[in-house]
Structures are given as structure tokens and as C-alpha cells.
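Structural overview for review
This is what each chain is made of:
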Amino acid sequence: MTKTAFITGATSGIGKSTAIHFAQNGIDLVLCGRRQDRLDALKEELDKHVQVHTLNFDIRNKASVKEAVDSLPKEFAEIDILINNAGNAHGMDTIQEGNIDDWDAMLDINVKGLLYVSKAVIPQMVARKSGHIINIGSTAGKEVYPKGNVYCASKHAVDAINQGMRIDLNGTGVRVGAVNPGLVETEFSNVRFKGDEDRADKVYKGFQPLKPEDIADIIHFVVTRPYHVNIADLVVMPTAQASSTIVDKK
Ligand code: NDP
Ligand code: 8X3
């Protein structure tokens with residue numbers, strides 16, 4: 001039977017690549033983001049392959065999240081796979097120099113936004129006794145690096161929420177797991193450094209970073225395991241990376 005995946009942050013990077021990979025493999029899509037032009041372009045590209053519905057909402061706004069999920073047409077309303085992907089880093093400063101608005105953004109999007117979407121989607125999964133939730137964490141959720149403070153805290157929270165979801169949903173038929181990437185070249189650093197492209201480019205210079213397609217491929221592997229197999233927590237780095245601070249740059 002054709003499955004339906006709900007992907008947050010589908011307008012760019014890991015979410016967009018996952019949408020493309022899923023479409024190529026026959027998974028219907030609910031694509032979410034705030035940039036409508038990108039949602040429209042992706043829908044046009046992918047609805048040759050599968051059914052696609054787009055939802056434009058800011059994940060920080062709990063009323064908008066609920067309204068968007070409740071608005072799904074019947075053919076998209078049963079979500080089999082939830083990819084909790086929307087998120088970003090905002091700024092990279094010491095704790096003493098950090099910007100409080102950046103902290104709010106990271107905690108509101110990466111943590112509270114993920115919770116709002118999960119809260120809107122999980123009940124129908126529990127009612128149907130099936131579903132698969134993939135939380136996109138990070139190596140930043142497994143360790144802390146200099147000036148990573150609040151971003152790392154937000155991803156540590158995702159790690160805890162992933163564990164908590166799996167514990168609480170045990171016995172309901174809903175699978176829960178996290179994919180935690182290291183350095184992936186997306187718009188992530190452009191957002192983090194507020195459009196400073198030189199600074200963003202430097203993050204991925206001198207080694208081969210992961211491509212968003214690499215993560216999409218892994219996410220597809222995770223969601224296509226037999227029902228009795230749940231990949232609970234997966235960390236993936238570029239070969240050149242050993243930890244957040246150890247990267248073999250030439
Ligand atoms: P991108 O910046 O390329 O994509 C981020 C996506 O999140 C966009 O589609 C954006 O859509 C969406 N998004 C951001 N803020 C909001 C919001 N307030 N409401 C709704 N959607 C929002 O980054 P990545 O693809 O790299 O990041 C995806 C996930 O992967 C994030 O959770 C990130 O923390 C994680 N990650 C990234 C790594 C990396 O090195 N790149 C490594 C480890 C984890 P729009 O702007 O249209 O709303
Ligand atoms: C993104 C990876 O190392 O830039 O989550 O924080 S890192």
C-alpha cells in the first residue's frame with residue numbers, strides 16, 4: 001500500500017532531498033516549509049511521480065501547526081511517516097556574547113516546533129496503531145562544541161525527546177528513531193551566519209562533507225526496514241570527520 005510521509009523543512013537541504021528520494025520510491029508526500037515558491041516548485045517536480053500536498057506554516061506557531069495538520073485533505077490525512085526535520089542554527093557565539101533572539105529561534109524551532117508537529121500527528125498514528133517518526137538530531141545532540149552552546153542544547157533536547165517518544169509510544173505500534181548527521185552541506189551555515197556566504201562556505205572547505213542526498217538515502221533505508229526492525233538512533237559523519245571539532249581538512 002502506498003505510504004504518506006509528512007516532511008517538515010522540505011524547502012531545502014536534507015528535507016528537500018528526502019522528499020525527492022521518497023518520491024522516486026513511490027511515497028506520497030506532505031511537504032512543509034515557509035517559502036511557498038519553493039514548495040510550489042517541488043510539488044511541480046514531484047507530482048509526476050507521487051501525490052504531493054504542500055503546507056505553508058511556521059513551525060514556531062502552535063495554532064498554525066495544528067490548523068495546517070487539521071486541514072489535510074482525506075487522501076493525505078493518514079500520515080505513515082513523520083520526518084521531524086525543520087530546524088537550524090542561528091549564530092555561533094560564546095554564551096557570554098550570544099544573542100537572545102538567536103537562542104529563542106533555536107529553542108522555538110528545533111525543540112518546541114518539533115513538539116508541536118509531533119503533538120498534532122501522533123494521536124492519529126496511535127489510533128491506527130502504526131506509524132514511523134524520524135527525528136533529525138545532530139552530532140551536536142551527542143556532544144557540545146565551542147560556541148555551539150544553545151544549538152547543541154536544542155539538539156540534545158531532540159535526543160531526549162526521541163528517547164522519550166520511543167518509551168511512551170512503546171506498545172502502540174508506532175516506531176520512533178533519530179538520524180543524527182555530522183557536517184552536511186546545505187543552507188544550514190548560510191542561515192547560521194545570517195547570509196555571510198564566505199563564512200558559510202568555509203565550514204565545508206578542505207574536506208568532503210556529507211551531501212543532503214546521503215542523509216535522504218539513509219532516512220529511506222530506516223523507513224523501509226521490516227516492521228519488527230526499529231533503527232533507534234543513528235549517527236552519520238563524513239569520513240573526514242571524527243567529532244564536532246576534529247575534521248581532517250587539507
Ligand atoms: P536548511 O537550512 O537547508 O533547511 C532547513 C529547513 O527547515 C528549511 O526547509 C526551512 O524551510 C525549514 N525551517 C526553518 N525554520 C522553520 C520554521 N520556523 N518553520 C518552518 N520551517 C522552518 O538546513 P538542513 O537541511 O541542514 O537542516 C535540516 C535539519 O538537519 C535541521 O534540523 C538541522 O538542525 C539538521 N542538521 C543539519 C546538519 C548540517 O550540517 N547541515 C547536521 C545535523 C543536523 P523554510 O525556510 O522554507 O521555512
Ligand atoms: C549541524 C552539525 O556540527 O554544524 O547540526 O553543528 S554542526
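Residues numbered from 1 in each chain as written. Chains lettered and ligands numbered in written order. Predicted model: local features only at pLDDT ≥ 70, side-chain atom pairs only at ≥ 80, totals over all residues. Heavy atoms only, no water.

Turning our eyes to something else, we now look at a negative patch on the surface. Taken together, the side chains of Glu185, Asp196, Glu197, Asp198 and Asp201 present a region of like negative charge at the surface. Mapped onto the secondary structure, aspartate 198 falls in helix H7 (residues 197–203). Here aspartate 198 falls in the exposed class, since its relative accessible area comes to 55%. (Patch = residues over 30% accessible without salt bridge, like charges linked within 9 Å, V, L, I, M, F, W, Y side chains within 5 Å. Areas by Shrake-Rupley, 256 points an atom, 1.4 Å probe, with all protein chains shown as cover. Salt bridge = Lys/Arg side-chain N within 4 Å of Asp/Glu carboxyl O. Lys, Arg positive; Asp, Glu negative; His and termini not counted. Charge placed at Lys NZ, Arg CZ, Asp CG, Glu CD. Helix = DSSP H or I, 4+ residues; strand = E, 2+ residues; numbered from the N terminus. Buried < 20%, exposed > 50% of the residue type's maximum accessible area, 1.4 Å probe, protein only.)

This part covers the environment of phenylalanine 193. Tracing the backbone through its elements, the reader meets phenylalanine 193 in the loop between helix H6 (188–192) and H7. A relative accessible area of 10% means that phenylalanine 193 is categorised as buried. Phenylalanine 193 sits 104 residues away from alanine 89 along the chain, and the two C-alpha atoms are 8.6 Å apart. Apart from residues no more than four positions distant in its own chain, phenylalanine 193 is found in contact with Met92, Arg199, Ala200 and Val203. (Contact = heavy atoms within 4.5 Å.)

Moving on, we come to the site of ligand 1. As a structural note, the neighbourhood of ligand 1 is formed by 30 residues, with Thr11, Ser12, Arg34, Tyr151 and Thr186 the closest of them. In the model, an oxygen atom of ligand 1 is placed 3.0 Å from a nitrogen or oxygen of the arginine 35 side chain. At 2.9 Å from an oxygen atom of ligand 1 is found a side-chain nitrogen or oxygen belonging to lysine 155. Elements represented by at least two residues in the shell around ligand 1 include exactly helix H1 (13–24) and helix H5 (149–168). Here the shell around ligand 1 is composed, by residue class, of twelve nonpolar, twelve polar and six charged. (Near = heavy atom within 4 Å. Polar contact = N/O pair within 3.5 Å; in protein donor to acceptor, adjacent residues only side chain to side chain. Nonpolar A, V, L, I, M, F, W, Y, C, P; charged D, E, K, R; others polar.)

Strand pairs in the sheet, formed through backbone hydrogen bonds, run parallel or antiparallel to each other. Pairing is parallel across the open sheet formed by seven strands, whose spatial order is E3-E2-E1-E4-E5-E6-E7. Each edge of the open sheet is held by one strand with a lone partner, namely strand E3 (52–56) and strand E7 (233–236). For this sheet, the mean inter-axis angle between neighbouring strands, taken without regard to orientation, is 15°. In the packing of helix H2 (residues 36–46) onto the sheet, the strands contacted are strand E2 (28–33) and E3, and the crossing angle to E3 comes to about 175°. (Pairing = 2+ DSSP bridges. Axes fitted to C-alpha atoms, helices over the stretch in contact; angles between N-to-C directions.)

Another point: the nonpolar core. One finds Phe6, Leu55, Phe57, Val117, Ile133 and Met165 to be the most contacted residues of the largest nonpolar core, which totals 30 residues. When residues of this core are traced back to their parent elements, those giving at least two are E2, helix H3 (62–70), helix H4 (100–128), H5 and strand E6 (174–181). In terms of residue count, the dominant contributor to this core is H4 (nine residues). Core analysis: the second largest hydrophobic core is formed by 29 residues, Phe22, Leu39, Ile134 and Val223 among them. (Core = buried A, V, L, I, M, F, W, Y, C linked by side-chain atoms within 4.5 Å.)

This next bit is on the site of ligand 2. Taken together, Ser138, Ala140, Tyr145, Tyr151, Gly182, Leu183 and Phe188 make up the full set of residues adjacent to ligand 2. Between ligand 2 and the protein, one listed contact pairs an oxygen atom with a side-chain N or O atom of serine 138 at 2.6 Å. Within the side chain of tyrosine 145, one N or O atom sits 2.6 Å away from an oxygen atom of ligand 2. Burial of ligand 2 by the protein chains amounts to 88% of its free accessible area of 250 Å². For the shell around ligand 2, the class distribution of residues is five nonpolar, two polar and no charged.

Excluding glycine, residues mostly carry a negative phi; peptide bonds, for their part, are mostly trans. Positive phi is not limited to glycine here, since lysine 129 has a value of about 55°. Even without being a glycine, lysine 194 presents a positive backbone phi close to 55°.

Its location among the elements puts threonine 8 in the loop between strand E1 (4–7) and H1. A polar side-chain atom of threonine 8 sits 2.8 Å from the main-chain amide nitrogen of alanine 86. Discounting chain neighbours no more than four positions away, the residues touching threonine 8 are Cys32, Ile59, Ile83, Asn84, Asn85, Ala86 and Val117.

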